[in-house]
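# Notes for the structure review
Residue-level listing of the chains:
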Amino acid sequence: MAVLSQSTAAGAEARVPDRFVSASKDAGFAALVTLGLCVPLVTLRTDSEEGGELILVPRLGLTAALCLAIFFARLGYLLLWGKEARAARQPTSRKEAIKTVATPRHSLTTIGLPIALGFAIAYPLLVTVINGGLSEARYWIDLGILVLTYVMLGWGLNIVVGLAGLLDLGYVAFYAIGAYSYAILSTTFHISFWVCLPIAGMLAATWGVLLGFPVLRLRGDYLAIVTLAFGEIIRLVLINWVPVTNGGAGIASIPRASFFGLPFNDDDDGFAAFFHLEFSPMHRIVFLFYLILALATLTSIVTTRLRRLPVGRAWEALREDEIACRSLGINTTTTKLSAFATGALFGGLAGSFFAVRQGFVSPESFNFLESAIILAIVVLGGMGSQIGVVIAAAVMIAGPEMLRNLGFLKAIFGENFDPSEYRLLIFGLAMVVMMIWRPRGLVSTREPTVFLKERKSISSDLVKEGHG
Amino acid sequence: MAVFIQQLINGLTLGAIYGLIAIGYTMVFGIIGMVNFAHGDLFMVSAFIALIVFVLLTSVLGIGSIALALLIVLVVGMLLTSLWGWAIERVAYRPLRGAFRLAPLISAIGVSIFLSNFVQVIQGARNKPTPPMIRDVIVLFESQGYTVALAYKQLMIMVVTAILLAAFWYVVQKTPLGRAQRACAQDQRMAALLGVDVDRTISLTFVMGAALAAVAGTMYLVYYGVVSFSDGFVPGVKAFTAAVLGGIGSLPGAVLGGIVIGLIETLWSAYFSIEYKDVAAFSILAITLIFLPQGLLGKPDVEKV
């Protein structure tokens, strides 16, 4: 037995140079392909001359650098994580049994969400202490607000995509409807934020139902494309319906939210004076932070509760198999409509918040890319998982911001290097890489809401989704 | 009447470009049932490749003949864009074969975002104008002081589309490759059992789609004379609309759908409002999918349990 294992080890060692040669060949091929892709797109940059004529600026160095980078990345990948490298580490292939883990009642979501909530509540205090002052922490609180907005949008879309399994590429339309509802109602009719908030949510939900009706009979990719078209139509209407929406210029000076009637200013009847505090513009920012936190928490609670109701179970059943659903007597029409409307409602609320926070809305904020980002958050988080959405939103939104602060990148790539320019480039790459690495998202186990005797969670790889 | 005929000519030209892009969508959807969301951006990339090669040929290498330069641009553009199409399929879609339903679509959205931003970073965000390549027009007739003209470039676009449609239709219907493609479209596992190299066939489908996108990109550049990094998305969605309208999986349907979309868009701009032309195109997409999901020339989709 010992001899046998020795000989296999020796065999594995003997294969190492072979492995290196084949990996180099593969990497060389990848570099060659990269060269083909880069010529002429990277090698020659088109620039406008004074007279408007295009001239070509050669960039051989960049091309060579890209090809080398791909070569070494591929080589490293093949040697460290490639199929053969993994086979060398684990000589025998083992069959993995289907694991159904009996999870304790405290699953990742039930533990993770309260921790995340606690962290979020303490967050403004935390960054204030770290940065040594409320005003100094403004950047971090703003970042927190941004992340929480996307968490809320992610949770809202999660109802449609994650629970009901309806792929919606036009979710930003509801976000836009919420934002414009508040912007128009407050600037034209001077209605307060607290009245507008439910109205905006209701309007968005109504649009969700209106959109839902015609698209109900569509499935899968077709549904995705029609919702995309709907999102684009809303954006184009916002640009072109100038009398109401002020067109591409957008609506400016939208009234700010008040603290239940107390405005955030240094007047005698303002928030600061009422609570005998020294006036600071930061009060409003912190208030906005807790407002979006409350809205997001509301979304989470409502979703969790709905999942236990018949309608929530019907959503999940619909996601798994639409035909089985229909044969069991579930009304798929109302189920889909309710999912669309609920998702749209939270999108509208988030939109209202966006308008009141920015004080300015324009159609540019509601393009397809936003929809793609929100969808990416839901999918990367693991469809249907609430804590996954939080993690994904933090990574996707705060990650590129962090990139901006990394000083050493400037040292490598020169002073003119601006990482924010590459934000979307990296974003697109990350979407592809995430899909290949974990197509089911970060948190990908499925936990039933109803169970017999004990709760078992299974890997979602085993779940075959219907084509709903 | 004269205005109408002129708009008809313009609409046909635009429709031919949409049709060329739509063939790429329809072939890929037909064979692996996925919306290749990055196809529109591949079209934009090909327009950039055409632009660079054209400038290189005319102003650096000094080729005087526009026709020769365009021919070289077309061939080089098709080759390089095919390589892009092949590489994208290899890197972003092939590992996801057999993964769950939404994974390839999301990966494709990622590729789409990557491509447009890659071009923005690498070539700059500004519009890239080219000098007009073909200026001559054929004056068809004049009526009430309005001249109806068919530009040579419009004629070229229509002829190239017709030739390529015929060539690709021949490939799909009459060659072993086309037979393998149709077999994979029907049942991949069965095709593999019968000795069809499924991976290779799918790769070649992407290559063919990319080559046609390259032709469309070159034509777009010749026709409009300007291209920017964000020019892929809207033509992409419209071409997908065309593919759906014509019946997904059908090559003549894709071109027919493209022409219908092109005509509607042009006539809508001419007679109603130019601002809402995209709304019109998107609405047609929604209406077609809802009331005529199998399209004009497609086969109805049978629901299987």
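Now for a look at the structure at hand. Computed from a predicted model, the values in this text were never measured in an experiment. (Residues numbered from 1 in each chain as written. Chains lettered and ligands numbered in written order. Predicted model: local features only at pLDDT ≥ 70, side-chain atom pairs only at ≥ 80, totals over all residues. Heavy atoms only, no water.)

## A short note on the overall build of chain A
A count of helices and strands for chain A gives 18 helices and five strands. Counting the 468 residues in chain A, one finds 49% classified as buried. Put simply, chain A shows about 23,000 Å² of open surface, and 66% of that area lies on carbon and sulfur atoms. (Helix = DSSP H or I, 4+ residues; strand = E, 2+ residues; numbered from the N terminus. Buried < 20%, exposed > 50% of the residue type's maximum accessible area, 1.4 Å probe, protein only. Areas by Shrake-Rupley, 256 points an atom, 1.4 Å probe, with all protein chains shown as cover.)

## Let's talk about the overall build of chain B
Scanning chain B from terminus to terminus reveals 11 helices and four strands. Here chain B, with 305 residues, has 57% of them falling under the buried criterion. Counting only contacts in chain B whose residues sit at least 6 apart along the sequence, the fraction spanning at least 24 positions is 74%. Of the accessible surface of chain B, which amounts to about 12,300 Å², a share of 66% is contributed by carbon and sulfur atoms. (Contact = heavy atoms within 4.5 Å.)

## A short note on unusual backbone geometry
Residues and elements named next belong to chain A. Cis geometry marks the peptide bond from V39 to P40, where omega comes out at 0°. Here P40 shows up in the loop between α1 (2-38) and β1 (44-48). We note that N246 has phi near 65°; this positive angle belongs to a residue other than glycine. Turning to its location among the elements, N246 is positioned in the loop between α9 (242-245) and α10 (271-274). Phi at S253 is positive, roughly 40°, even though this residue is not glycine. Position of S253 among the secondary structure elements: in the loop between α9 and α10. Relative accessible area serves as the criterion here: at 64%, S253 is assigned to the exposed category.

## A look at the pattern of salt bridges
Counted under the stated rule, the structure contains 15 salt bridges over all chains. We note a salt bridge from E316 of chain A to R319 of chain A, for which the minimum N-O separation is 3.2 Å. On the criterion of helical spacing, the pair formed by E316 of chain A and R319 of chain A is a turn pair, its members being three residues apart in helix α12 (residues 310-320). Using a relative accessible area of 11% as the deciding quantity, one classes E316 of chain A as buried. Here R319 of chain A falls in the buried class, since its relative accessible area comes to 4%. Ionic pairing is found between E265 of chain B and K238 of chain B, a salt bridge with its closest N-O pair at 3.1 Å. Residue E265 of chain B is found in helix α10 (residues 251-271), and its partner K238 of chain B is found in helix α9 (residues 233-246); the two are separated by 27 residues along the sequence. The exposure classification of E265 of chain B matches that of K238 of chain B, with both residues buried. (Salt bridge = Lys/Arg side-chain N within 4 Å of Asp/Glu carboxyl O.)

## Structural notes on the environment of V3 of chain B
All names here are of chain B. With respect to the helices and strands, V3 occurs in helix α1 (residues 2-32). Separated by 144 residues in the primary sequence, V3 and T147 place their C-alpha atoms 8.6 Å from one another. Excluding residues that lie within four positions of it along the chain, V3 makes contacts with Y146 and Y271.

## Notes on a negative patch on the surface
A cluster of acidic side chains, namely D266, D267, D268 and D269 of chain A, defines a negative patch on the protein surface. Among the secondary structure elements, D268 of chain A is positioned in the loop between α9 and α10. (Patch = residues over 30% accessible without salt bridge, like charges linked within 9 Å, V, L, I, M, F, W, Y side chains within 5 Å. Lys, Arg positive; Asp, Glu negative; His and termini not counted. Charge placed at Lys NZ, Arg CZ, Asp CG, Glu CD.)

## Here's the deal with the environment of V139 of chain B
Turning to its location among the elements, V139 of chain B is positioned in strand β2 (residues 137-143). Taking the C-alpha atoms as reference points, V139 of chain B and A149 of chain B, 10 residues apart in sequence, are found 4.4 Å from one another.

## A short note on the packing of helix α6 (residues 172-189) of chain A against helix α14 (residues 332-358) of chain A
In a pair of packed helices, the angle between the axes and the distance between the axes together describe the arrangement. Residue and element names in this part refer to chain A. Where α6 contacts α14, the two axes come as close as 6 Å, and the packing angle between them is 45°. Regarding the angle of α6 to α14, the classification is oblique. Taken as a pair, α6 and α14 cross one another with a handedness that is right-handed. Contact residues: α6 offers F174, Y175, G178, A179 and Y182, while α14 offers F340, A344, G347, G348, A350, G351, S352, F354, A355 and V356. A per-class count over the contact of α6 with α14 returns 10 nonpolar, five polar and no charged. (Axes fitted to C-alpha atoms, helices over the stretch in contact; angles between N-to-C directions. Parallel < 35°, antiparallel > 145°, perpendicular 65-115°, else oblique. Left-handed = near helix turned anticlockwise from the far one by under 90°. Nonpolar A, V, L, I, M, F, W, Y, C, P; charged D, E, K, R; others polar.)

## Points about the interface of chain A and chain B
If you look at the interface, chain A gives 63 residues, while chain B gives 64 residues. Summing both partners gives a buried area of about 5,800 Å² for chain A against chain B, and 77% of it is carried by carbon and sulfur. Among the residues chain A hides against chain B, the three largest losses belong to L41, L54 and Y222 of chain A. Together they make up 13% of the total. Inspection of the region where chain A meets chain B yields zero salt bridges. Counting residues per element, the ones that place at least two in the side of chain A that touches chain B are α1, β1, β2 (54-58), α8 (220-240), α13 (322-327), α15 (368-381) and α18 (423-437) of chain A. The dominant element in the side of chain A that touches chain B, judged by the number of residues it contributes, is α8 of chain A, at 13 residues. (Buried area = accessible area lost by both parts, 1.4 Å probe.)

## Brief notes about the packing of α9 of chain B against α10 of chain B
Residue and element names in this part refer to chain B. Where α9 meets α10, the closest approach of the two axes is 7 Å, and the angle between their N-to-C directions is 120°. Of the possible angle classes, the one that applies to α9 and α10 is oblique. Of the two possible hands of crossing, α9 and α10 adopt the one that is right-handed. Between α9, through K238, T241, A242, A243, L245 and G246, and α10, the contact on the second element is made entirely by G253, A254, G257, G258, V260, I261 and E265. Class assignment for the residues of the contact of α9 with α10 results in six nonpolar, five polar and two charged.

## With respect to helix α11 (residues 277-291) of chain B
Residues and elements named next belong to chain B. Under the 1.5 Å per step criterion, the end-to-end length of α11 is 21 Å for 15 residues, consistent within 8% with the ideal 21 Å. Counting buried residues in α11 gives 11 out of 15 residues, a clear majority hidden from the surface. Residues of α11 that are buried: D278, V279, A280, A281, F282, I284, L285, A286, T288, L289 and I290. (Expected span 1.5 Å × (residues − 1).)

## Details of the packing of aromatic side chains
Residue and element names in this part refer to chain A. Enumeration over the complete set of coordinates arrives at 27 aromatic pairs over all chains. Ring geometry for Y123 against F289: centres 5.5 Å apart, planes inclined by 20°, an arrangement best described as stacked. Separated by 166 residues along the polypeptide, Y123 in helix α4 (residues 108-131) and F289 in helix α11 (residues 282-308) bring together distant segments of the chain. Of the two residues examined, Y123 and F289, each falls in the buried class. With a centroid separation of 6.4 Å and 65° between ring planes, the pair formed by W194 and F287 is classed as edge-to-face. Highlighted residues: W194 in helix α7 (residues 193-215) and F287 in helix α11, separated in sequence by 93 residues. (Phe/Tyr/Trp six-rings, centres within 6.5 Å; stacked < 30°, edge-to-face > 60°.)

Remember, this is a structural readout, not a statement about activity or role.
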